[in-house]
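One letter stands for each residue in the lines below.
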Amino acid sequence: MSNLQLKAPLTINWAINNSCNFACSHCYSREDTHDEISRDVLYSCIEKVVKAGVFSVNFGGGEPLLHPDLLDIAAFSSGLGLRVSMNSNGWLLDYDKAVALKNAGFTKVGISIDSHLPEVHDKFRGVAGSHARALAALKHLKAVGITTSISTVICRINCSTIDELVAMALEHEVGQLNFHNFKCSGLGMSNKDELDLTPEEWKVFYRDAIAAKRTVKNLDISLDDPIIALLDARDAGSLVKGSVCGKLSLNIKSNGDMTPCGFIPIVIGNIVRDDLQQVWKDSVVLDKMRNKQPTGKCSGCSKYEDCLGGCTARALALTGDMNSPDPHCWGSDAPAK
Amino acid sequence: MSKVFRNPDVLWRRESDDSDVSQEEAVAAILFSGGSMLSLNEFGIELWEMCDGQTVDEIVTTLMSEFEVDEDVLRSDIQDFLNSLFQKGFIRYE
């Protein structure tokens, strides 16, 4: 299944705006374009996406709740059959907004929370009171029947607090707790020395997170990092090996530029002018991501077939080569015999 | 006998609009439900499309006219496939 080539992405991660009311230490899009597609043009782009066969869109940014037309765009998308979700910091999400999101067709909303400790989260996000508002947002979403999740970017401020993060998620009855691996993009690159973990620390984190995933009931703990294949923990039901970016999902920026994922700054087309299926099929960049070649310690590694070199975005950001071993990999530096 | 229905929450699409999928193992369609995904070959998608309120007996009868195969073998294959779809929540019985 590693070479599965779909006719179109299953999911689009769509940064419809890059404006934000927060100042997060790991923000990947702070320096992105602030050009935005007009609503009418955006609608025609959404129609293109539907026609191509895409199942779902996840709106992000920036903070999508700052987009003045978010509700209309979501209603238009869900009306065409797309499954609509969003990632938000929760600051602007009160009960009335939750009702409006429900009416616009949102089925799932993820709220970013980076620590169980309010003071740690607030400092990291740059806004006092943001932790309390994020938790309140979860409560409002649950009240109106929207499935909730917590998204936590794992870094030095939270890597040893798995139990506490799980307890917070259980207490607020979210369906899913997403532990996202740390990417070295945008401010994540600028602050990587302060925030990123060493390979050995990643190993410890994932060992403990996988143990929690296997034992905690009533909560789906999601680990999206391909390198957990080193711990024999990759989802056997996944359609593809390695990263899903460019294989199952695609990223669209606020100006319509398409990139393999939100953390790889290589533009492969623009949804306004280009045919999505054509780009998906013919992109040289996507082809390279789908057919990675082992280099360095990946060569001969017994886990390569499942891991495929780990996170392509991270390898590219830190080495300049998609095929380089994931810098988070704790495997032996010597190629396996 | 109970009837088989596709779960309406499952999104699905054919992958074979413009390419031949004559190979038995080629991916002909994708089912998608939240975080759960499944790829189907041509036989799988044909069976999936028949989960529209037909009974297993009706499905077996229809497919017996298409395949030169022992009925018990076909019934067993169909039941195994439906069991896996049911376990993933992709179909329901009424």
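Throughout what follows, the structure given in this document is the object of discussion. From a predicted model like this one, the values you see are computed outputs, not experimental measurements. (Residues numbered from 1 in each chain as written. Chains lettered and ligands numbered in written order. Predicted model: local features only at pLDDT ≥ 70, side-chain atom pairs only at ≥ 80, totals over all residues. Heavy atoms only, no water.)

1. Topic: the overall build of chain A
What counts here: Here a strand is any run of E in DSSP of at least two residues, a helix any run of H or I of at least four, and the numbering for each starts at the N terminus. It is over C-alpha atoms that the radius of gyration is taken, and the globule rule equals 2.2 Å times the number of residues to the power 0.38. Exposed residues in this analysis have more than 50% of their type's maximum accessible area, buried residues have under 20%, and partly exposed residues fall in between, with area computed by a 1.4 Å probe over protein chains only. Every residue pair with non-hydrogen atoms within 4.5 Å of one another is taken to be in contact. Residue-level accessible areas treat just the shown protein chains as cover; the underlying method is Shrake-Rupley with a 1.4 Å probe. For the purpose of charge, His is not counted, nor are the chain termini; Lys and Arg are scored as positive and Asp and Glu as negative. Just so you know, the charge point we use is NZ for Lys, CZ for Arg, CG for Asp and CD for Glu.
Each helix and strand counted, chain A has 13 helices and ten strands in total. Its C-alpha atoms give chain A a radius of gyration of 19 Å, near enough to 20 Å, the size a compact globule of 337 residues would have. Relative to its full complement of 337 residues, chain A shows a buried share of 53%. Within chain A, residue pairs in contact and separated by at least 24 positions form 71% of the contacts whose partners lie at least 6 positions apart. Counting every atom, chain A has about 13900 Å² of accessible surface; 51% of that belongs to carbon and sulfur. Each charge class in chain A was averaged separately, 35 positive and 39 negative side chains, and the resulting centres sit 5 Å apart.

2. Some thoughts on unusual backbone geometry
For residues that are not glycine, phi is negative in most cases, and the peptide bond is trans in most cases. Residues and elements named next belong to chain A. The amide bond that connects G61 to the next residue, G62, takes the cis arrangement and shows omega of 20°. With respect to the helices and strands, G62 occurs in the loop between β2 (56-60) and α2 (70-79). Notably, N218 is not glycine yet its phi reads approximately 65°, a positive angle. The residue N218 is located in the loop between α9 (199-215) and β7 (220-223) in this model. With relative accessibility at 73%, the residue N218 sits in the exposed group.

3. Some thoughts on the interface of chain B and chain A
Formally: The buried area of a pairing is the accessible area, by a 1.4 Å probe, that goes missing from both parts when the two are put together, added over both. Throughout this description, the term salt bridge denotes a Lys or Arg side-chain nitrogen within 4 Å of a carboxyl oxygen of Asp or Glu. N or O atoms closer than or at 3.5 Å make up a polar contact, with two conditions inside protein: a donor-capable atom paired with an acceptor-capable one, and, for residues adjacent in sequence, both atoms drawn from side chains.
The partner chain A presents 17 residues to the 15 residues of chain B that form the contact. Interface area, chain B with chain A, both sides summed: about 1300 Å², of which 63% is carbon and sulfur. The largest per-residue losses of area from chain B upon contact with chain A belong to L11, R13 and M37 of chain B, which jointly make up 45% of the total buried on that side. Put simply, chain B and chain A have zero salt bridges between them. Put simply, chain B and chain A have six residue pairs in polar contact (both at pLDDT 80 or more) between them. Every element with two or more residues in the side of chain B that touches chain A is listed here: β2 (11-14), β3 (29-33) and β4 (36-40) of chain B.

4. A look at the nonpolar core
So the rule is basically this: Put simply, a nonpolar core is a bunch of buried Ala, Val, Leu, Ile, Met, Phe, Trp, Tyr and Cys residues held in one set by side-chain atoms that sit within 4.5 Å of each other.
Judged by nonpolar contacts, the single largest core of 101 residues is most densely connected at W14, F59, F106 and F179 of chain A. Discounting residues that sit within four places of it in the chain, F59 of chain A has contacts with W14, I16, P64, L70, I73, A74, S77, V84, S85, M86, N87 and F106 of chain A. Formed by 23 residues, the second largest nonpolar core is a distinct cluster that contains A28, C51, L63 and F81 of chain B.

5. A few points about the pattern of salt bridges
All names here are of chain B. Throughout the structure, instances matching the rule amount to 19 salt bridges over all chains. Between R14 and E42 there is a salt bridge; the shortest N-O distance is 3.4 Å. Taken together, the positions of R14 in strand β2 and E42 in helix α1 (residues 42-49) put the pair 28 residues apart, joining distant regions of the chain. Judged by relative accessible area, R14 falls into the partly exposed class, the value being 28%.

6. Section: the sheet that holds strand β6 (residues 91-93) of chain B
As a general point, the strands of a sheet are linked pairwise by backbone hydrogen bonds and lie either parallel or antiparallel. Residue and element names in this part refer to chain B. Our working rule: Pairing between two strands requires that DSSP report at least two bridges joining them. Axes, fitted as lines to C-alpha atoms, cover a helix only where it is in contact. Angles between the N-to-C directions of the axes lie from 0 to 180 degrees.
Strand order across the open sheet formed by three strands is β5-β1-β6, with antiparallel pairing between neighbours. The open sheet is flanked by β5 (52-55) and β6, the only strands paired with a single partner. In this sheet, neighbouring strand axes are inclined to one another by 25° on average, regardless of whether the strands run parallel or antiparallel. Sheet topology note: the strand β1 (residues 3-6)/β5 ladder contains three bridges and is antiparallel. Counted as the bridge partner of K3 is T55 from β5. Helix α2 (residues 56-64) rests against β1 and β5 of the sheet, and its axis sits at about 85° to β5.

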